[in-house]
Amino acid sequence: MEPLIGGVGAVLGALDEADGAGALVATLAEIERQAQVLGLPPRRAVHLGRQHLLWRLPASRPAFAKGHRQALLISAVVDMDRPNQPSLAQTPAGHGHGRAVARGGLMTGYGLAALAAVQALNAAEVATGRDLVLSIEYRCPGQGAEIAATDHLQEFDDCAFALADCGGHTVHLDGGRIRPVAVAQKGAVWLRLAARDEPADPALPGRSSATASLSEALARIERHDFALRPCPASRALLHGMAEVRGGIGQGLAVRGLLGAATHAGVARRMAEPEHRFVHALLHDTVSVTRIRAGDRPDAIPGRAVAVLDCRLVPGRSTADLIAELSALVGGGFEFSVLAERPAAQA
(Lines give C-alpha, C1' and ligand atoms only; values in the text may rest on other atoms or scores of the structure.)
Protein backbone atom coordinates (compact mmCIF):
# COMPACT_ATOMS: atom_id res chain seq x y z
CA MET A 1 0.00 0.00 0.00
CA GLU A 2 2.98 2.36 0.34
CA PRO A 3 2.88 3.32 -3.38
CA LEU A 4 -0.76 4.31 -2.93
CA ILE A 5 0.05 6.56 0.03
CA GLY A 6 2.76 8.42 -1.82
CA GLY A 7 1.43 8.15 -5.38
CA VAL A 8 -1.06 11.00 -5.36
CA GLY A 9 1.20 13.13 -3.17
CA ALA A 10 4.07 12.72 -5.62
CA VAL A 11 1.83 13.76 -8.51
CA LEU A 12 0.68 16.81 -6.54
CA GLY A 13 4.27 17.79 -5.85
CA ALA A 14 5.28 17.58 -9.50
CA LEU A 15 2.39 19.57 -10.97
CA ASP A 16 2.86 22.81 -12.90
CA GLU A 17 2.29 25.51 -10.27
CA ALA A 18 1.56 28.19 -12.87
CA ASP A 19 -1.73 26.56 -13.86
CA GLY A 20 -3.86 25.85 -10.80
CA ALA A 21 -6.95 24.63 -12.67
CA GLY A 22 -4.97 22.47 -15.10
CA ALA A 23 -2.93 21.00 -12.26
CA LEU A 24 -6.07 20.14 -10.34
CA VAL A 25 -7.59 18.40 -13.38
CA ALA A 26 -4.43 16.28 -13.66
CA THR A 27 -4.54 15.52 -9.95
CA LEU A 28 -8.16 14.36 -10.09
CA ALA A 29 -7.36 12.14 -13.08
CA GLU A 30 -4.55 10.51 -11.06
CA ILE A 31 -6.85 9.99 -8.07
CA GLU A 32 -9.43 8.29 -10.26
CA ARG A 33 -6.73 6.19 -11.92
CA GLN A 34 -5.54 4.97 -8.52
CA ALA A 35 -9.14 4.15 -7.57
CA GLN A 36 -9.68 2.23 -10.81
CA VAL A 37 -6.60 0.15 -9.99
CA LEU A 38 -8.39 -0.80 -6.78
CA GLY A 39 -11.59 -1.56 -8.68
CA LEU A 40 -13.39 1.14 -6.66
CA PRO A 41 -14.78 3.87 -8.93
CA PRO A 42 -16.05 6.88 -6.93
CA ARG A 43 -19.48 8.48 -6.84
CA ARG A 44 -19.39 12.12 -7.95
CA ALA A 45 -21.48 14.74 -6.19
CA VAL A 46 -21.76 18.54 -5.93
CA HIS A 47 -22.67 19.92 -2.53
CA LEU A 48 -22.65 23.59 -1.41
CA GLY A 49 -20.64 24.57 -4.47
CA ARG A 50 -17.90 21.98 -3.89
CA GLN A 51 -17.33 18.82 -5.89
CA HIS A 52 -16.83 15.52 -4.09
CA LEU A 53 -15.46 12.12 -4.98
CA LEU A 54 -17.11 9.65 -2.60
CA TRP A 55 -16.52 6.02 -1.72
CA ARG A 56 -18.23 3.76 0.80
CA LEU A 57 -17.17 0.23 1.72
CA PRO A 58 -19.64 -1.65 3.93
CA ALA A 59 -18.50 -3.65 6.94
CA SER A 60 -18.19 -7.38 6.32
CA ARG A 61 -19.76 -8.11 9.72
CA PRO A 62 -21.59 -5.01 10.96
CA ALA A 63 -21.11 -4.52 14.69
CA PHE A 64 -23.92 -2.00 15.07
CA ALA A 65 -27.66 -1.99 14.56
CA LYS A 66 -29.06 -0.33 11.46
CA GLY A 67 -29.49 3.40 11.95
CA HIS A 68 -26.72 3.59 14.54
CA ARG A 69 -23.88 6.07 13.89
CA GLN A 70 -21.02 3.71 13.15
CA ALA A 71 -19.07 4.60 9.99
CA LEU A 72 -15.53 5.99 9.88
CA LEU A 73 -15.11 8.98 7.54
CA ILE A 74 -11.74 9.93 6.04
CA SER A 75 -12.00 13.44 4.62
CA ALA A 76 -9.40 14.99 2.29
CA VAL A 77 -9.40 18.33 0.50
CA VAL A 78 -7.46 18.71 -2.74
CA ASP A 79 -6.68 22.38 -3.15
CA MET A 80 -4.52 24.01 -5.82
CA ASP A 81 -5.02 27.73 -5.25
CA ARG A 82 -3.35 28.64 -1.97
CA PRO A 83 -0.29 30.81 -1.21
CA ASN A 84 2.90 28.92 -0.49
CA GLN A 85 3.23 27.82 3.14
CA PRO A 86 6.81 26.89 4.14
CA SER A 87 5.49 24.62 6.92
CA LEU A 88 3.99 22.37 4.24
CA ALA A 89 6.95 22.50 1.89
CA GLN A 90 8.62 19.43 3.37
CA THR A 91 5.68 17.13 2.60
CA PRO A 92 4.88 15.55 -0.77
CA ALA A 93 1.65 17.55 -0.81
CA GLY A 94 3.25 20.93 -0.14
CA HIS A 95 5.44 22.13 -2.97
CA GLY A 96 6.17 25.26 -4.87
CA HIS A 97 6.48 29.00 -4.69
CA GLY A 98 3.72 30.17 -7.04
CA ARG A 99 0.02 30.73 -6.61
CA ALA A 100 -0.98 27.08 -7.16
CA VAL A 101 0.21 25.00 -4.23
CA ALA A 102 -0.79 21.37 -3.99
CA ARG A 103 -2.42 20.28 -0.74
CA GLY A 104 -4.23 17.14 0.28
CA GLY A 105 -2.22 14.54 -1.61
CA LEU A 106 -0.93 12.79 1.50
CA MET A 107 -4.35 12.39 3.16
CA THR A 108 -5.82 11.33 -0.18
CA GLY A 109 -3.15 8.65 -0.42
CA TYR A 110 -3.94 7.48 3.12
CA GLY A 111 -7.63 7.34 2.24
CA LEU A 112 -7.05 5.24 -0.87
CA ALA A 113 -4.74 2.95 1.10
CA ALA A 114 -7.46 2.53 3.74
CA LEU A 115 -9.95 1.59 1.02
CA ALA A 116 -7.48 -0.99 -0.31
CA ALA A 117 -6.92 -2.40 3.19
CA VAL A 118 -10.61 -2.77 3.98
CA GLN A 119 -11.26 -4.27 0.54
CA ALA A 120 -8.51 -6.83 1.18
CA LEU A 121 -9.85 -7.65 4.65
CA ASN A 122 -13.35 -8.15 3.28
CA ALA A 123 -12.02 -10.38 0.49
CA ALA A 124 -10.13 -12.44 3.07
CA GLU A 125 -13.33 -12.74 5.13
CA VAL A 126 -11.72 -10.93 8.05
CA ALA A 127 -14.40 -9.26 10.14
CA THR A 128 -14.72 -5.49 9.77
CA GLY A 129 -17.33 -3.91 12.05
CA ARG A 130 -17.64 -0.40 10.63
CA ASP A 131 -18.34 1.00 7.18
CA LEU A 132 -15.52 3.10 5.70
CA VAL A 133 -16.32 6.36 3.89
CA LEU A 134 -13.75 8.36 1.91
CA SER A 135 -14.55 11.89 0.76
CA ILE A 136 -12.22 13.92 -1.48
CA GLU A 137 -13.46 17.49 -1.77
CA TYR A 138 -12.30 19.96 -4.40
CA ARG A 139 -13.31 23.00 -6.41
CA CYS A 140 -12.29 23.04 -10.06
CA PRO A 141 -13.68 25.60 -12.57
CA GLY A 142 -15.29 23.92 -15.54
CA GLN A 143 -15.47 20.53 -13.87
CA GLY A 144 -18.63 18.90 -12.56
CA ALA A 145 -21.05 21.07 -14.55
CA GLU A 146 -22.84 17.93 -15.72
CA ILE A 147 -23.52 16.80 -12.13
CA ALA A 148 -26.76 17.95 -10.52
CA ALA A 149 -26.18 19.71 -7.20
CA THR A 150 -27.54 18.10 -4.05
CA ASP A 151 -28.26 19.54 -0.61
CA HIS A 152 -27.50 16.23 1.09
CA LEU A 153 -24.66 13.68 0.99
CA GLN A 154 -26.09 10.42 2.27
CA GLU A 155 -22.63 8.93 2.75
CA PHE A 156 -22.22 11.15 5.83
CA ASP A 157 -25.51 10.19 7.50
CA ASP A 158 -24.27 7.58 9.95
CA CYS A 159 -20.61 8.58 10.38
CA ALA A 160 -19.49 8.34 13.99
CA PHE A 161 -15.85 9.41 13.57
CA ALA A 162 -13.94 11.52 11.06
CA LEU A 163 -10.26 11.95 10.23
CA ALA A 164 -9.75 15.33 8.55
CA ASP A 165 -6.92 16.19 6.21
CA CYS A 166 -4.82 17.93 8.89
CA GLY A 167 -4.14 14.41 10.13
CA GLY A 168 -2.01 13.91 7.03
CA HIS A 169 0.83 16.17 8.16
CA THR A 170 3.63 14.42 10.05
CA VAL A 171 5.35 16.59 12.66
CA HIS A 172 9.01 15.75 13.36
CA LEU A 173 10.23 16.44 16.90
CA ASP A 174 13.82 15.71 17.97
CA GLY A 175 14.01 12.47 16.04
CA GLY A 176 10.46 11.41 16.96
CA ARG A 177 7.33 11.70 14.84
CA ILE A 178 3.73 12.49 15.64
CA ARG A 179 0.77 12.45 13.25
CA PRO A 180 -1.91 14.82 14.58
CA VAL A 181 -5.50 13.76 14.03
CA ALA A 182 -8.17 16.47 13.98
CA VAL A 183 -10.37 16.19 17.08
CA ALA A 184 -11.01 19.93 17.44
CA GLN A 185 -11.09 22.99 15.22
CA LYS A 186 -10.64 26.65 16.01
CA GLY A 187 -13.49 28.92 15.07
CA ALA A 188 -12.94 31.31 12.17
CA VAL A 189 -14.43 34.74 11.61
CA TRP A 190 -13.65 37.23 8.88
CA LEU A 191 -14.14 40.84 9.96
CA ARG A 192 -14.18 44.12 8.06
CA LEU A 193 -12.55 46.95 10.02
CA ALA A 194 -13.38 50.40 8.63
CA ALA A 195 -12.09 53.85 9.54
CA ARG A 196 -13.76 57.08 8.39
CA ASP A 197 -12.60 60.70 8.27
CA GLU A 198 -12.98 63.73 6.04
CA PRO A 199 -11.38 63.38 2.59
CA ALA A 200 -8.39 65.70 2.27
CA ASP A 201 -5.86 67.20 -0.12
CA PRO A 202 -2.46 65.45 0.20
CA ALA A 203 -0.79 68.79 -0.57
CA LEU A 204 -2.00 69.99 2.85
CA PRO A 205 -1.08 67.17 5.26
CA GLY A 206 -0.92 67.38 9.03
CA ARG A 207 -4.42 66.39 10.07
CA SER A 208 -5.92 63.00 10.91
CA SER A 209 -7.03 60.71 8.11
CA ALA A 210 -8.85 57.42 7.69
CA THR A 211 -5.70 55.78 6.33
CA ALA A 212 -3.56 56.92 9.25
CA SER A 213 -6.17 55.87 11.80
CA LEU A 214 -6.53 52.44 10.23
CA SER A 215 -2.75 51.96 10.10
CA GLU A 216 -2.46 52.77 13.81
CA ALA A 217 -5.33 50.40 14.65
CA LEU A 218 -3.75 47.57 12.69
CA ALA A 219 -0.42 48.16 14.43
CA ARG A 220 -2.15 47.86 17.83
CA ILE A 221 -3.79 44.61 16.75
CA GLU A 222 -0.46 43.28 15.46
CA ARG A 223 1.23 43.99 18.82
CA HIS A 224 -1.66 42.69 20.93
CA ASP A 225 -0.96 39.66 23.10
CA PHE A 226 -4.15 37.59 23.20
CA ALA A 227 -4.74 35.66 26.40
CA LEU A 228 -3.62 32.06 26.84
CA ARG A 229 -6.66 29.80 26.35
CA PRO A 230 -5.81 26.07 26.19
CA CYS A 231 -8.70 23.72 25.44
CA PRO A 232 -8.81 19.98 26.28
CA ALA A 233 -7.64 19.01 22.77
CA SER A 234 -4.64 21.36 22.81
CA ARG A 235 -3.67 20.16 26.29
CA ALA A 236 -3.77 16.55 25.09
CA LEU A 237 -1.68 17.38 22.01
CA LEU A 238 1.04 19.13 24.01
CA HIS A 239 1.22 16.25 26.51
CA GLY A 240 1.50 13.85 23.56
CA MET A 241 4.37 15.90 22.14
CA ALA A 242 6.11 15.71 25.52
CA GLU A 243 5.75 11.92 25.55
CA VAL A 244 7.38 11.68 22.11
CA ARG A 245 10.36 13.70 23.36
CA GLY A 246 10.45 11.93 26.72
CA GLY A 247 12.01 12.95 29.99
CA ILE A 248 10.86 14.81 33.08
CA GLY A 249 12.08 18.10 31.61
CA GLN A 250 9.70 17.86 28.67
CA GLY A 251 6.75 17.24 30.96
CA LEU A 252 7.71 20.30 33.01
CA ALA A 253 8.02 22.34 29.79
CA VAL A 254 4.51 21.36 28.73
CA ARG A 255 3.13 22.35 32.12
CA GLY A 256 5.02 25.62 31.73
CA LEU A 257 3.39 26.27 28.36
CA LEU A 258 -0.04 25.69 29.86
CA GLY A 259 0.50 27.99 32.85
CA ALA A 260 -0.44 31.66 32.50
CA ALA A 261 2.51 32.81 34.66
CA THR A 262 5.14 30.65 32.93
CA HIS A 263 3.92 30.41 29.32
CA ALA A 264 5.79 33.41 27.90
CA GLY A 265 9.15 32.38 29.34
CA VAL A 266 8.90 28.79 28.06
CA ALA A 267 7.59 29.87 24.65
CA ARG A 268 10.50 32.28 24.10
CA ARG A 269 12.94 29.36 24.33
CA MET A 270 11.17 27.42 21.57
CA ALA A 271 12.58 27.35 18.03
CA GLU A 272 10.64 28.22 14.88
CA PRO A 273 8.30 27.01 13.48
CA GLU A 274 7.30 25.14 16.65
CA HIS A 275 6.86 28.42 18.54
CA ARG A 276 4.34 29.74 16.00
CA PHE A 277 2.52 26.40 15.98
CA VAL A 278 2.14 26.35 19.78
CA HIS A 279 1.20 30.04 19.92
CA ALA A 280 -1.60 29.53 17.38
CA LEU A 281 -2.73 26.40 19.22
CA LEU A 282 -3.22 28.21 22.54
CA HIS A 283 -4.29 31.73 21.55
CA ASP A 284 -6.75 33.56 19.37
CA THR A 285 -5.00 34.93 16.28
CA VAL A 286 -5.84 37.87 14.02
CA SER A 287 -4.17 38.42 10.63
CA VAL A 288 -4.67 41.24 8.15
CA THR A 289 -5.43 39.78 4.72
CA ARG A 290 -6.63 42.80 2.77
CA ILE A 291 -6.34 46.61 2.94
CA ARG A 292 -8.08 49.12 0.72
CA ALA A 293 -8.30 52.90 0.78
CA GLY A 294 -9.32 55.05 -2.17
CA ASP A 295 -8.68 54.78 -5.90
CA ARG A 296 -6.94 58.09 -6.65
CA PRO A 297 -3.22 58.71 -6.09
CA ASP A 298 -3.81 62.45 -5.55
CA ALA A 299 -6.43 62.39 -2.78
CA ILE A 300 -6.56 61.30 0.86
CA PRO A 301 -9.66 59.05 1.02
CA GLY A 302 -12.41 59.43 3.56
CA ARG A 303 -12.64 55.68 4.21
CA ALA A 304 -10.06 52.95 4.72
CA VAL A 305 -10.92 49.28 5.14
CA ALA A 306 -9.05 46.17 6.24
CA VAL A 307 -10.17 42.55 6.28
CA LEU A 308 -9.11 40.48 9.30
CA ASP A 309 -8.83 36.70 9.34
CA CYS A 310 -9.48 35.70 12.95
CA ARG A 311 -9.11 32.22 14.48
CA LEU A 312 -10.76 31.61 17.86
CA VAL A 313 -10.02 28.87 20.36
CA PRO A 314 -13.05 26.75 21.33
CA GLY A 315 -15.19 28.58 23.87
CA ARG A 316 -14.67 32.03 22.36
CA SER A 317 -17.36 33.81 20.35
CA THR A 318 -17.32 36.42 17.62
CA ALA A 319 -18.92 38.88 20.06
CA ASP A 320 -16.08 38.25 22.54
CA LEU A 321 -13.47 39.01 19.89
CA ILE A 322 -15.16 42.16 18.57
CA ALA A 323 -15.49 43.50 22.12
CA GLU A 324 -11.77 42.88 22.76
CA LEU A 325 -10.68 44.44 19.46
CA SER A 326 -13.00 47.44 19.92
CA ALA A 327 -11.48 48.17 23.31
CA LEU A 328 -8.01 47.78 21.81
CA VAL A 329 -8.36 50.16 18.83
CA GLY A 330 -10.64 52.71 20.51
CA GLY A 331 -13.56 54.65 19.06
CA GLY A 332 -14.13 55.79 15.53
CA PHE A 333 -14.01 52.36 13.88
CA GLU A 334 -16.67 50.06 12.48
CA PHE A 335 -16.49 46.27 12.76
CA SER A 336 -18.71 44.08 10.58
CA VAL A 337 -18.81 40.31 10.19
CA LEU A 338 -18.21 39.03 6.66
CA ALA A 339 -18.43 35.32 7.47
CA GLU A 340 -17.88 32.98 10.39
CA ARG A 341 -17.44 29.31 11.21
CA PRO A 342 -17.93 28.03 14.78
CA ALA A 343 -15.26 26.14 16.67
CA ALA A 344 -15.72 22.41 17.14
CA GLN A 345 -14.49 19.78 19.57
CA ALA A 346 -14.96 16.03 19.28
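Quick notes on the rules
- Residues numbered from 1 in each chain as written.
- Predicted model: local features only at pLDDT ≥ 70, side-chain atom pairs only at ≥ 80, totals over all residues.
- Heavy atoms only, no water.
- Salt bridge = Lys/Arg side-chain N within 4 Å of Asp/Glu carboxyl O.
- Helix = DSSP H or I, 4+ residues; strand = E, 2+ residues; numbered from the N terminus.
- Buried < 20%, exposed > 50% of the residue type's maximum accessible area, 1.4 Å probe, protein only.
- Pairing = 2+ DSSP bridges.
- Axes fitted to C-alpha atoms, helices over the stretch in contact; angles between N-to-C directions.
- Expected span 1.5 Å × (residues − 1).
- Arc of directions from axis to C-beta.
- Contact = heavy atoms within 4.5 Å.
- Core = buried A, V, L, I, M, F, W, Y, C linked by side-chain atoms within 4.5 Å.
- Polar contact = N/O pair within 3.5 Å; in protein donor to acceptor, adjacent residues only side chain to side chain.

Undergrad: So what exactly am I meant to see when it comes to the pattern of salt bridges here?
TA: Between side chains of opposite charge, pairing is possible as soon as their charged atoms come close. Throughout the structure, instances matching the rule amount to eleven salt bridges. Across the pair Glu32 and Arg44 runs a salt bridge whose closest N-O atoms are separated by 2.1 Å. With a gap of twelve residues between them, Glu32 in helix H2 (residues 20–38) and Arg44 in strand S1 (residues 43–47) connect regions that are remote in the sequence. Residue Arg44 is classed as partly exposed on the basis of its relative accessible area of 32%. Of the charged contacts, one joins Glu155 and Arg43 as a salt bridge, the two residues approaching to 2.6 Å between their closest N and O atoms. Of this pair, Glu155 sits in the loop between strand S4 (132–138) and strand S5 (159–163) while Arg43 is found in strand S1, placing the two residues 112 residues apart along the sequence.

Undergrad: What am I meant to see in the sheet that holds S5 here?
TA: Two modes of strand pairing occur in sheets, parallel and antiparallel, and in both the strands are linked by backbone hydrogen bonds. Judged by pairing direction, the sheet is mixed, and its five strands sit side by side in the order S1-S2-S4-S3-S5 without closing on themselves. Strand pairing shows two members of the sheet lacking a second neighbour, S1 and S5, which therefore form its edges. Neighbour to neighbour, the strand axes of the sheet diverge by 25 degrees on average, direction disregarded. Here strand S3 (residues 71–77) pairs with S4 via six bridges, running parallel. Paired with Ile74 across the two strands is Leu134, which belongs to S4.

Undergrad: I would appreciate a short explanation of helix H9 (residues 318–329) in the present structure.
TA: Since one α-helical turn is 3.6 residues long, residues separated by three or four positions face the same way. Helix length check: H9 (twelve residues) gives 16 Å between terminal C-alpha atoms against 16 Å at 1.5 Å per residue, within 8%. Of the residues making up H9, those classed as buried are Thr318, Leu321, Leu325 and Val329. Down the axis, H9 shows its buried residues gathered within 65 degrees of arc, on one side only. For H9, the exposed residues set more than 90 degrees away from the buried face come down to Ala319 and Ala327. Elements in contact with the buried residues of H9: strand S9 (187–196), helix H4 (210–223), strand S10 (285–292), strand S11 (303–312) and strand S12 (333–341). A positive backbone phi angle near 85 degrees is found at Gly330, which sits one or two residues after H9.

Undergrad: It is not clear to me how the nonpolar core should be interpreted in this structure. Could you clarify?
TA: Soluble globular proteins tend to pack their nonpolar side chains together in the buried interior. The biggest cluster of nonpolar side chains holds 22 residues, and the ones touching the most others in it are Ile31, Leu53, Trp55, Leu115, Leu134 and Ile136. For this core, the secondary-structure elements that each account for two or more residues are H2, strand S2 (50–57), S3, helix H3 (105–123) and S4. Among the elements that make up this core, the one with the highest residue count is H3 (six residues). Grouped together as the second largest cluster of nonpolar side chains are 21 residues, Val189, Leu191, Leu193 and Phe335 included.

Undergrad: How do you make sense of the pairing of S1 when you look at a structure like this?
TA: Here is the key point about a regular strand: its side chains alternate between the two faces of the sheet. Two elements, S1 and S2, share five bridges in a ladder whose sense is antiparallel. When the sheet's bridge partners are listed, His47 is paired in S2 with Arg50.

Undergrad: What's the story with the sheet that holds S11 in this structure? I'm lost.
TA: One open sheet accounts for four strands, arranged S10-S11-S9-S12; its pairing is antiparallel. The sheet terminates laterally at S10 and S12, the two strands that pair on one side only. This sheet shows a mean twist of 20 degrees between the axes of neighbouring strands, independent of strand direction. Sheet topology note: the S9/S11 ladder contains ten bridges and is antiparallel. Within S11, the residue paired with Ala194 across the bridge is Val305. Sheet strands in contact with H9 are S9, S10, S11 and S12, and its direction is about 155 degrees off that of S12.

Undergrad: Got a minute to help me understand the side chain of Thr128 in this structure?
TA: If you trace the backbone, Thr128 turns up in the loop between H3 and S4. When its relative accessible area of 10% is taken as the criterion, Thr128 is described as buried. Here the side chain of Thr128 touches Asn122 through a polar contact of 2.9 Å, side chain to side chain. Discounting residues that sit within four places of it in the chain, Thr128 has contacts with Pro58, Ala59, Ser60, Arg61, Pro62, Leu121 and Asn122.

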